[in-house]
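# Structural overview for review
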Amino acid sequence: MPPVAVPNEAPKKQLRVAIIGQSTFAAEVFKLLQKDGHEVVGVFTVLDKGNREDPLATIATQYGKPVFKYKTWRVKGKVIPEVLEQYKSVNADINVLPFCSQFIPMEVIMYPKYQSICYHPSILPRHRGASSINWTLIEGDTTCGLSIFWADDGLDTGPILLQKSFPATIDDTVDTLYNKYLYPEGIKALAESVNMVANGTAPRIQQTEEGATYDPALFKPETHQIDWSKGGIALHNFIRGLDSSPGATTFIKPQTKEGIVEGSEADVEVKFFGSSLWQAEYETEGDQLVIPGLDTPAVIHEAGLLITANDGVKLNVQRLKINGKMINAQNFFKSNESKVSLELTSEEKQFVEGARDIWKAILRIDIEDDTDFFASGAGSMDVVRLVEEVKDLAQIELQNEDIYMNTIFEEFCQIAVLKSRGGSDVKDIVYDGVEMEVNKMKIKFPTQLFINGEFVDSDSGKLLTIVNPSDESVICKVQSASVSDVDKAVKAAKVAFEEGEWSKISARERGQLLFKLADLMEQHKEELATIESIDSGAVYTLALKTHIGMSIETWRYFAGWCDKIQGATIPVNHARPNRNLTLTKREPIGVCALITPWNYPLMMLSWKMAACLAAGNTVIMKPAAVCPLTALKFAELCARAGIPRGVVNILPGSGALCGQALADHPLVRKLGFTGSTEIGQTIMKSCAVSNMKKVSLELGGKSPLIIFEDCDLDKAVRNGMAAVFFNKGENCIAAGRLFVEERIHDEFVRRVVAETKKMAIGDPLHRGTSHGPQNHKAHMDKLIEFCERGVKEGATLVYGGGRVDCKGFYFTPTVFTNVQDDMYIAKEESFGPIMIISKFSSKNIDDVIRRANATEYGLASGVFTRDVSRALAAAERVDAGTVFINTYNKTDVAAPFGGFKQSGFGKDLGQEALNEYLKTKCITIEY
């Protein structure tokens, strides 16, 4: 029977719904039905377990709905009259059974106007019965699914209302199928089904008996016993089919590394979890474990328990439960292992108490450090609830197996804290750093170099002084990398690339690590934005949205590319009489160096490094010497995310020493740089002389913005100001020169000046500030000199032009008009909030295009006009890597970014950015 599915439509009428069942699943169905506008008129569920109420009952009580709890609906095969009358009293239009372990009498099933619909986690008629998910895996099905059917008096035999199917892989377990598909999609499917009933579109498709299976419930211990005479694939399927609970079981004789303990009568119960088919071709060394029924002893090795089935197929088991105690399989023969007790921070201690409350709410008992989760009555659904509630409490991503492996409360808290610190390694992240109370929060960041996964001091002992541009106070001192530090970092990156874990994991696993890093950045976004603000002067609200927000988007975008980098097959002439096949591979370059500027410290790091790591390279990154703090905080997050050691190295330092050493180093194979054209030329020479490094350069700009007389003037004013003043003008694509059509020139200037006067200049952490301080004093002084030169050459200073009279590096947004083409300010980049306005006549478009292109820069440009033909013609003729039409500054992680001419070459962002960090290998085969 093919799966049946229809688009979900909003209900045309409200139904009175009775929900019969239990579990968190049923509680989520309750909430979704309420959201869709239906009225849940009664909830019928199981009795409390001790003090523990079922989640469905809890949510119904919160919503003020009637709750009925029954031990049973029947006695001696007959419905209990009092129970039936209570049920009838709610006057439901339909019964919904999301998950129900009780037998519901037909008097209840058939009573409502629309009778009853049930959820079943298989594609009926296959796998009827209570253990359908397990049997989907045990039978090795490649497709799983769910059915919503009309209840009848048979065992899952009623007519089909809706079905959905999903792929099942050889590595799936009950938990993965449930969490990926059957839980979230099942909740939605039940809600869809109720809506279909309300709309009169719900089908009743009779089940066929062709292909039907009635699988026994896997409740009794004898159904969990492993039959070792079966082949390896069947064993793997059986173990993963019972992986969540109760576990595939066998009994073995007590034994040590030396062999079976003679004279012992009691067998040892062993349950197996976490099976995978063994793909390695080499023989694994380790200690032997004799399992009755296997011709060959299993091998306990560093990655688990390797089992060779009697047909020669090998499978590896990661976890074992020995007489009720879960352990890692490799630790079978290890006894009295000491566990490292963590030193908890105040925040982590708060988490422990929060976790204690969660355990108490689930188990309904007082929680001591030695309370055992499962011994206290928890079940598999409670594991799901615990994982979700811990995620809500502290954004800690636990897996179900973390609970199964750490059933004691104290152990559970330790693994959760370790996960929050970036992994399961007991080694904490230690560094010399700074803690501050700022922006109504506590921030913390390192001040050391990050080399080979550790924070270390510089060999030279030199320090960088980091100044807060908003008040000129010293934030801290940061270690400054020497040439020998660069050498250490490069060599660590080379080892990581050629021999480390990074070189062994799959592209998909690499993507998962980058996604995890992005998630950590998301969790720390307010802290990162605050650090960026005090370090670079960025307005906090802008830093949160753009500096940090776009950084996170960039990492997620390139994380998605990791497993989509691929080559091609190419038809070539055959060397007759033989044949040939040619294919290409896209391979990482190796060790890469990145040097980034000070205007968007974290975003520039992310634009380059995300593509670099997605391609599989390792990296040494030198942030700008004046604002390295978010890069160092990023290094900490890399360690917490589990990025292998040596893959990411962060070296604050001077450009002349640290940057030059990276450009000169013979083991660096690629260098990406964003900065001035002058420094870019120096880097390009060094890369050529040292070892012909591949180079990508994003350099200076003098981006023209052409505003025609037919534009939307309000929009042109807003966007023109943003094009110049965005991020205090410290923006590589800032409109360095505005060409405004002569008929609207005066009105444009009037409006710009009026709006500029309204800009709120001040503390970048204040939520009302729109314009913060320049990044550092030398740059502010350069802007003052730039304006003085403009006045000296005869340009009209309409507004601004100097420093704001207060503490901090504040510069007034500035407007110049009557700027002639030969003036210094018309040709050179200010990299600050200085608007340069010149007139043009639309009667001579060729001339304004010539003037716009009369620069050695070609980074960005813009056109404002309602005439699409004129806009597209200008876009074709302006010689710039980016052209904005009726907008400005609209960059996106999926769109390539880079310049022409002396603005550099190579792209950041988009698919094209990957090309900067990949090499193409051509392979030709003759056969």
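The structure under discussion appears in the preceding block.
Quick look at the structure, then. These numbers were taken from a predicted model, which means no experiment stands behind them. (Residues numbered from 1 in each chain as written. Predicted model: local features only at pLDDT ≥ 70, side-chain atom pairs only at ≥ 80, totals over all residues. Heavy atoms only, no water.)

A few words now on unusual backbone geometry. Here the residue pair L124 and P125 is connected by a cis peptide bond, since its omega of 15 degrees sits within 30 degrees of zero. That bond from R576 to P577 is cis: its omega, 10 degrees, falls within 30 degrees of zero. With respect to the helices and strands, P577 occurs in the loop between β25 (569-570) and β26 (580-588). Even without a glycine there, the phi angle at K901 is positive, about 50 degrees. As for its position among the elements, K901 is in strand β40 (residues 900-901). (Helix = DSSP H or I, 4+ residues; strand = E, 2+ residues; numbered from the N terminus.)

Before going further, it helps to examine the pattern of salt bridges. Tallied over the entire structure, the rule returns 48 salt bridges. Notably, a salt bridge pairs E587 with K585, separated by 3.4 Å at the nearest N-O pair. According to the relative accessible area criterion, E587 is buried, its value standing at 14%. Assessed through its relative accessible area of 40%, K585 is described here as partly exposed. (Salt bridge = Lys/Arg side-chain N within 4 Å of Asp/Glu carboxyl O. Buried < 20%, exposed > 50% of the residue type's maximum accessible area, 1.4 Å probe, protein only.)

So, on to the environment of A189. If you trace the backbone, A189 turns up in helix α6 (residues 174-199). A sequence separation of 42 residues divides A189 from S147, and the C-alpha atoms of the two residues are 8.5 Å apart. When neighbours within four sequence positions are excluded, A189 is seen to be in contact with L146, I148, L162 and K164. (Contact = heavy atoms within 4.5 Å.)

Now for the packing of aromatic side chains. Under the criterion given, the structure shown has 27 aromatic pairs. With a centroid separation of 5.6 Å and 70 degrees between ring planes, the pair formed by W228 and F272 is classed as edge-to-face. With a gap of 44 residues between them, W228 in the loop between α6 and α7 (232-241) and F272 in strand β13 (residues 268-277) connect regions that are remote in the sequence. Residue W228 is classed as buried on the basis of its relative accessible area, which comes to 4%. (Phe/Tyr/Trp six-rings, centres within 6.5 Å; stacked < 30°, edge-to-face > 60°.)

Moving on: the pairing of strand β20 (residues 441-446). Relative to β20, strand β19 (residues 433-438) runs antiparallel, the two sharing six bridges. Residue pairing across strands places M436 opposite I443, the latter belonging to β20. The antiparallel hairpin formed by β19 and β20 contains two residues in its connecting segment, where N439 sits at a positive phi of about 60 degrees. (Pairing = 2+ DSSP bridges.)

Turning our eyes to something else, we now look at the pairing of strand β35 (residues 814-817). Residues T814 and F816 line one face of β35 and the alternating positions V815 and T817 line the opposite face, and both faces are buried. Bridge count between strand β34 (residues 796-799) and β35: three bridges; the pairing is antiparallel. Bridge pairing in β35 places L797 opposite F816. Bridge count between β35 and strand β36 (residues 834-840): three bridges; the pairing is parallel. Each residue of the ladder has a partner; that of V815, found in β36, is M835.

Viewed as axis vectors pointing N to C, helix α14 (residues 525-536) and helix α15 (residues 540-561) meet at an angle of 120 degrees, and their least axial separation amounts to 9 Å. The interaxial crossing formed by α14 with α15 has right-handed handedness. Across the interface between the two elements, K525, E526, L528, A529, T530, E532 and S533 of α14 pack against Y540, A543, L544, H547, I548 and I552 of α15. (Axes fitted to C-alpha atoms, helices over the stretch in contact; angles between N-to-C directions. Left-handed = near helix turned anticlockwise from the far one by under 90°.)

A few words on helix α13 (residues 507-523). Taking 1.5 Å as the rise per residue, α13 with 17 residues should run 24 Å; its terminal C-alpha atoms sit 24 Å apart, in good agreement. Every buried residue of α13 is listed here: R510, G511, L513, L514, L517, A518, L520 and M521. Its buried side turned inward, α13 meets α14, α15, α16 (601-614) and α17 (629-641). (Expected span 1.5 Å × (residues − 1).)

Moving on, we get to the sheet that holds strand β2 (residues 39-45). Reading across from one edge, β3-β2-β1-β6-β7-β8-β9 is the order of the seven strands in this open sheet, with mixed pairing throughout. Each edge of the open sheet carries a strand with a single partner, namely β3 (67-69) and β9 (160-167). If you compare each strand with its neighbour and ignore which way they point, the axes differ by 15 degrees on average. Contacting β1 (16-20), β6 (94-97), β7 (116-120), β8 (143-150) and β9, α6 crosses the sheet at an angle of about 155 degrees to β9.

Under the criterion given, the structure shown has zero disulfides. Between C592, a free cysteine, and C612, which holds the nearest cysteine sulfur, the sulfur-to-sulfur gap is 3.8 Å. The class of C592 is buried, set by a relative accessible area of 0%. (Disulfide = S-S within 2.5 Å.)

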